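# Descriptive analysis of the structure
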Amino acid sequence: MGERLMTLKALFAASATAALLLATSASAAELTVGFSQIGSESGWRAAETSVSKSEAAKRKINLKIADAQQKQENQIKAIRSFIAQNVDAIFLAPVVASGWDAVLKEAKEAKIPVVLLDRDIDPSGKDLYLTAVTSDSVHEGEVAGEWLAKTVGGKACNVVELQGTVGASVATNRKKGFDAVIAKNANLKVVRSQTGDFTRAKGKEVMESFIKAENGGKSICAVYAHNDDMMVGAIQAMKEAGLKPGKDILTVSIDAVPDIFKAISAGEANATVELTPNMAGPAFDAIVAFKEKGTVPPKWIQTESKLYTAADDPQKVYDSKKGLGY
């Protein structure tokens with residue numbers, strides 16, 4: 001009996017060791033990805049972070065997120081830290097378009113592929129990253145401009161513009177696309193344009209100054225914001241000035257965050273162009289295929305830019321998005 005017990009104990013110990021080895025090899029096969037995230041300047045950014053976590057969990061990928069609090073120097077430090085940890089890949093949502101060459105060269109020398117998420121960098125850095133998963137932000141600006149042109153028809157319309165962070169590729173491109181449509185419609189004119197830094201507080205502050213400068217807002221026909229968060233701030237400024245947003249002043253913005261659907265539902269906003277928060281899903285798939293099969297992805301993986309208005313059951317869209325971390 002004693003011998004049998006000893007044998008069982010030995011068998012148990014051996015099987016436990018085998019299970020441990022199996023677990024170790026399974027976790028060694030898991031990929032570790034470092035994500036240098038800009039921060040949480042907007043609801044959309046928070047949703048991107050939350051969706052990235054769930055997409056990583058789905059694929060059993062170990063995701064390490066570093067929040068840069070909107071500072072490029074923090075992003076560069078985070079990338080260097082990921083290189084030192086020898087991660088399998090690095091995701092970067094670049095706060096600005098330039099100044100990445102040195103640190104991305106270090107990643108390349110360490111043979112760690114870099115994927116850009118939702119924003120691009122200067123063309124000079126094209127060889128330094130594997131792929132970029134972004135929407136076409138010029139196209140987003142065009143979709144916003146075309147909605148406005150169609151909505152006002154031939155009537156004269158003075159537009160004020162709330163720009164995103166100065167130097168960010170997404171702000172430059174959302175302006176470029178919108179301006180291209182304005183240029184083709186003589187009745188549309190951008191009379192004021194200023195950065196609201198992609199935040200609600202700054203959007204409100206800048207809109208307040210626009211209203212003061214434009215005859216208490218009476219000279220403004222429409223406001224175009226490079227993101228919904230600035231528009232939410234602008235809507236507040238309009239209401240406080242005794243104006244009816246969505247009626248006295250038309251609104252069109254980009255991102256499609258839940259709160260803008262609340263505003264559309266209430267008749268206080270008119271249109272938004274969606275920027276999907278799921279940039280990480282396609283990026284993870286590209287990294288897995290690259291690591292496991294050597295498949296080189298296209299240099300740019302484009303996401304869809306969908307327009308939403310009051311005709312799209314905004315309450316239903318709000319309900320479907322509210323749990324995403326916006």
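Going along each chain's sequence as written, the residues are numbered from 1 onward. Given that this is a predicted model, residues contribute local features only at a pLDDT of at least 70 and side-chain atom pairs are listed and counted only at 80 or more, while totals for whole chains, interfaces and linings are drawn from all residues. Side-chain metrics in this entry use all non-hydrogen atoms of the structure; hydrogen atoms and water are not considered.

Put simply, the rule reads: UniProt positions are given in the numbering used here, feature names are shortened, and annotations may be inferred rather than shown by experiment.
Identification of the protein as ABC transporter substrate-binding protein from Bradyrhizobium denitrificans is taken from an unreviewed UniProt entry. Recorded in UniProt for the protein, the comment headed Sequence similarities (unreviewed entry) runs: "Belongs to the bacterial solute-binding protein 2 family." Heading Subcellular location (unreviewed entry) of the UniProt record for the protein holds this comment: "Cell envelope".

### Let's talk about helix H7 (residues 200–213)
Spelled out, the test is: Secondary structure elements are taken from DSSP: a helix is a run of H or I of four residues or more, a strand is a run of E of two residues or more, and numbering for both begins at the N terminus. Multiplying 1.5 Å by the residue count of a helix minus one yields the expected span of that helix. Throughout this description, buried means an accessible area under 20% of the type-specific maximum (1.4 Å probe, protein chains only), exposed means over 50%, and partly exposed covers the range between. The directions from the helix axis to the C-beta atoms are what the arc is built from. It only takes one pair of heavy atoms within 4.5 Å for two residues to be counted as in contact. Polar contacts here mean pairs of N or O atoms no more than 3.5 Å apart (in protein, one a potential hydrogen donor and the other a potential acceptor; neighbouring residues in sequence count only if both atoms are side-chain atoms).
Over its 14 residues, H7 runs 20 Å from end to end, which matches the ideal 20 Å to within 8%, given 1.5 Å per residue. Along H7, the positions that sit buried rather than exposed are Gly203, Val206, Met207, Phe210 and Ile211. Taken end-on, H7 shows its buried residues confined to a sector of 145°, consistent with a single buried face. Turned more than 90 degrees off the buried face of H7, the exposed positions are Ala201 and Lys212. Close packing links the buried residues of H7 with strand S6 (157–163), strand S7 (188–195), strand S8 (222–225) and helix H8 (228–240). The N-cap residue of H7 is Thr199: its side-chain oxygen and the backbone nitrogen of Lys202 are 3.2 Å apart. Looking one or two residues past H7, Asn215 carries a phi angle of roughly 55°, positive in sign.

### Looking at the sheet that holds strand S1 (residues 32–37)
For clarity, the cut-off: Strand pairing is defined by DSSP finding a minimum of two bridges between the two strands. To get an axis, fit a line to the C-alpha atoms, keeping to the stretch in contact for a helix; angles then go from 0 to 180 degrees between the N-to-C directions.
Reading across the sheet, the six strands line up as S2-S1-S3-S4-S5-S11 and stay open at both edges, with parallel pairing between neighbours. Of all strands in the sheet, those bounded by a partner on one side alone are strand S2 (62–67) and strand S11 (300–302). Along the sheet, successive strands turn relative to each other by an average axial angle of 20°, direction set aside. Along the sheet, helix H10 (residues 280–293) contacts S1, S2, strand S3 (89–92), strand S4 (114–117), strand S5 (131–134) and S11; its crossing angle with S3, the most-contacted strand, is approximately 155°.

### Concerning the side chain of Glu274
Positionally, Glu274 belongs in strand S10 (residues 271–274). Within polar-contact distance, the side chain of Glu274 engages the side chain of Lys321 at 2.7 Å. Setting aside chain neighbours within four positions, we find Glu274 in contact with Glu140, Asp255, Ala256, Glu304, Ser305, Lys306, Tyr308 and Lys321.

### Quick notes on the state of the cysteines
Using the following cut-off: A pair of sulfur atoms, both from cysteines and within 2.5 Å, is called a disulfide here.
Scanning the model with the defined rule gives one disulfide in all. Shown here is the disulfide that connects Cys157 with Cys221, its sulfur atoms set 2.0 Å apart. Its S-S torsion of approximately -90° makes the covalent link between Cys157 and Cys221 left-handed. With Cys157 in strand S6 and Cys221 in the loop between H7 and S8, the pair connects residues that are 64 residues apart, well separated along the chain. We note that Cys157, like Cys221, is buried.

### A few points about the packing of aromatic side chains
Describing an aromatic ring pair means giving the distance of the ring centres and the angle of the ring planes. Test applied: Here is the rule: rings of Phe, Tyr and Trp (six-membered ring for Trp) pair when centre to centre is within 6.5 Å. Planes less than 30 degrees apart are stacked, more than 60 are edge-to-face, and the remainder are tilted. Whether a charge sits over a ring depends on NZ of Lys or CZ of Arg being within 6 Å of the ring centre and within 35 degrees of the ring normal.
Enumeration according to the criterion identifies four aromatic pairs in this entry. Their ring planes at 70° and their centres at 6.3 Å tell us that Phe35 and Phe91 sit as a pair that is edge-to-face. One end of the pair, Phe35, is in strand S1; the other, Phe91, is in strand S3, and 56 residues separate them in sequence. For the pair shown, Phe35 and Phe91 are each scored as buried. Aromatic side chains Phe178 and Tyr224 sit 3.8 Å apart centroid to centroid with 15° between the ring planes, which places their arrangement in the stacked category. Here Phe178 is found in helix H6 (residues 169–183), whereas its partner Tyr224 is found in strand S8, with 46 residues between them in sequence. Side by side, Phe178 and Tyr224 carry an identical accessibility label, which is buried. Ring pairs connect the aromatic residues Phe35, Phe91 and Phe284, which therefore count as one cluster. Geometry around Tyr129 places Lys299 over its ring, the cationic atom sitting 4.6 Å from the centre. It is Lys306 that lies over the ring of Tyr308; its NZ or CZ is 4.6 Å from the centre.

### Some thoughts on the UniProt feature "domain: Periplasmic binding protein" (unreviewed entry) in the protein
This chain's UniProt record puts "domain: Periplasmic binding protein" (unreviewed entry) on residues 34–278. Across residues 34–278, the secondary structure splits into 42% helix and 21% strand, with the terminal C-alpha atoms separated by 17 Å.

### Comments concerning unusual backbone geometry
Although it is not a glycine, Asp197 sits at a positive phi angle of roughly 55°. Of note, Asp197 is situated in the loop between S7 and H7. For Asp197, a relative accessible area of 33% translates into the label partly exposed. One non-glycine residue, Asp255, lies in positive phi territory at about 130°. Among the secondary structure elements, Asp255 is positioned in strand S9 (residues 250–255).

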